[in-house]
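# Structural overview for review
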Amino acid sequence: MEDAALVTLFFERNEEALVLAEKQYGAYCFTIAKNILNSDPDAEECVNDVWLRAWNAIPPARPAVLSSFLGKIARNLAIDRCRKKQAEKRAGGEYALSLEELNECTGGIGMATEDAERMELGAKISAFLRGEPTEARKIFVCRYFYCDSVKDIAARFGISEAKVKSALFRTRGRLKTYLEKEGIPVS
């Protein structure tokens, strides 16, 4: 079913929208949550919460790309759950590793508590990525948005893990330089 038709079902408050969304995007949302949480049961709980969040958000939201909308919900729920777990005890997983890597070039701003600071940083990173070569941009997004492992990224792009690590290292270096030029203090 096309996204527009599925969104229409949500707007009509037709519960079939949830069944169809889960069938079409459940595995996608699970993968995102699993990459962040590194736990099947936690990822399954997040995915279950995705459908409730989507039900409550649509309407008024009318996402043009439902997969991105649901993926973002899954990602945010998984990050919230991961933060809670880390507060209870230090959790590992790809999310923690990717944050450590990204902190090298953002100086920890990514963990800023002020929404305005996070939004400004996000806008600067987006602007930076628009100027990056396609492959570097896709590798960066896979690692730092979807929290994919280096191994999974290498398999997806048909390149070596060493090339992925090198591309990420270079992109983080260019990002750090870009942020400094834009007046964002990094350490």
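Residues numbered from 1 in each chain as written. Predicted model: local features only at pLDDT ≥ 70, side-chain atom pairs only at ≥ 80, totals over all residues. Heavy atoms only, no water.

## Focus: the packing of aromatic side chains
Basically, it comes down to this: In this analysis, rings of Phe, Tyr and Trp, with Trp reduced to its six-membered ring, are considered paired at centre separations within 6.5 Å, and the interplanar angle assigns stacked below 30 degrees, edge-to-face beyond 60, and tilted for intermediate values. Under the DSSP-based scheme used, a helix requires at least four consecutive residues in state H or I and a strand at least two consecutive residues in state E, with every element numbered from the N terminus. The classification of residues rests on relative accessible area computed with a 1.4 Å probe and restricted to protein chains. Under 20% of the type maximum is buried, over 50% is exposed, and intermediate values are partly exposed. Look at NZ for Lys and CZ for Arg. If either is within 6 Å of the ring centre and within 35 degrees of the ring normal, a charge sits over the ring.
On inspection of all chains with the given rule, the structure shows four aromatic pairs. Here the aromatic rings of Phe10 and Trp55 are separated by 6.1 Å at their centres, their planes lie at 55 degrees, and the arrangement is tilted. Taken together, the residues Phe10 in helix 1 (residues 3-11) and Trp55 in helix 3 (residues 40-57) connect sequence positions 45 residues apart. Given the relative accessible area of 17%, Trp55 is considered buried. Judged by centre distance (5.5 Å) and plane angle (45 degrees), the rings of Phe128 and Tyr178 are tilted. Residue Phe128 is located in helix 6 (residues 115-130), and its partner Tyr178 is located in helix 9 (residues 161-181); the two are separated by 50 residues in the primary sequence. You can call Phe128 buried: its relative accessible area is 6%. Over the ring of Trp55 we find Arg13; its NZ or CZ atom is 3.9 Å from the centre of that ring. We note Arg62 situated over the ring of Phe11; from NZ or CZ to the ring centre the distance is 3.8 Å.

## Some details on helix 9
Definition in use: To estimate how far a helix should reach, multiply one less than its number of residues by 1.5 Å. Note: the arc covers the axis-to-C-beta directions of the helix.
With 21 residues, helix 9 should cover 30 Å at 1.5 Å per step; its first-to-last C-alpha distance of 30 Å lies within 8% of that length. Among all positions in helix 9, only Val164, Ala167, Leu168, Thr171, Arg172, Leu175 and Leu179 are buried. Along the long axis of helix 9, the arc covered by the buried residues comes to 135 degrees, so they all point the same way. Away from its buried face by more than 90 degrees, helix 9 exposes Ala162, Phe169, Arg170 and Lys181.

## Overview of the pattern of salt bridges
Which entries qualify depends on this criterion: Should a side-chain nitrogen of Lys or Arg be within 4 Å of a carboxyl oxygen of Asp or Glu, the pair is scored as a salt bridge.
The full count for this structure, using the stated rule, is eight salt bridges. Linking Lys34 and Asp40 is a salt bridge whose minimum nitrogen-to-oxygen distance equals 3.1 Å. According to the relative accessible area criterion, Lys34 is partly exposed, its value standing at 27%. For Asp40, a relative accessible area of 38% corresponds to the partly exposed category. Here Glu182 ties to Lys124 by a salt bridge, and the two come within 3.0 Å at their closest N and O atoms. Here Lys124 lies in helix 6 and Glu182 lies in the segment after helix 9, a separation of 58 residues in the sequence. Judged by its relative accessible area of 35%, Glu182 is partly exposed.

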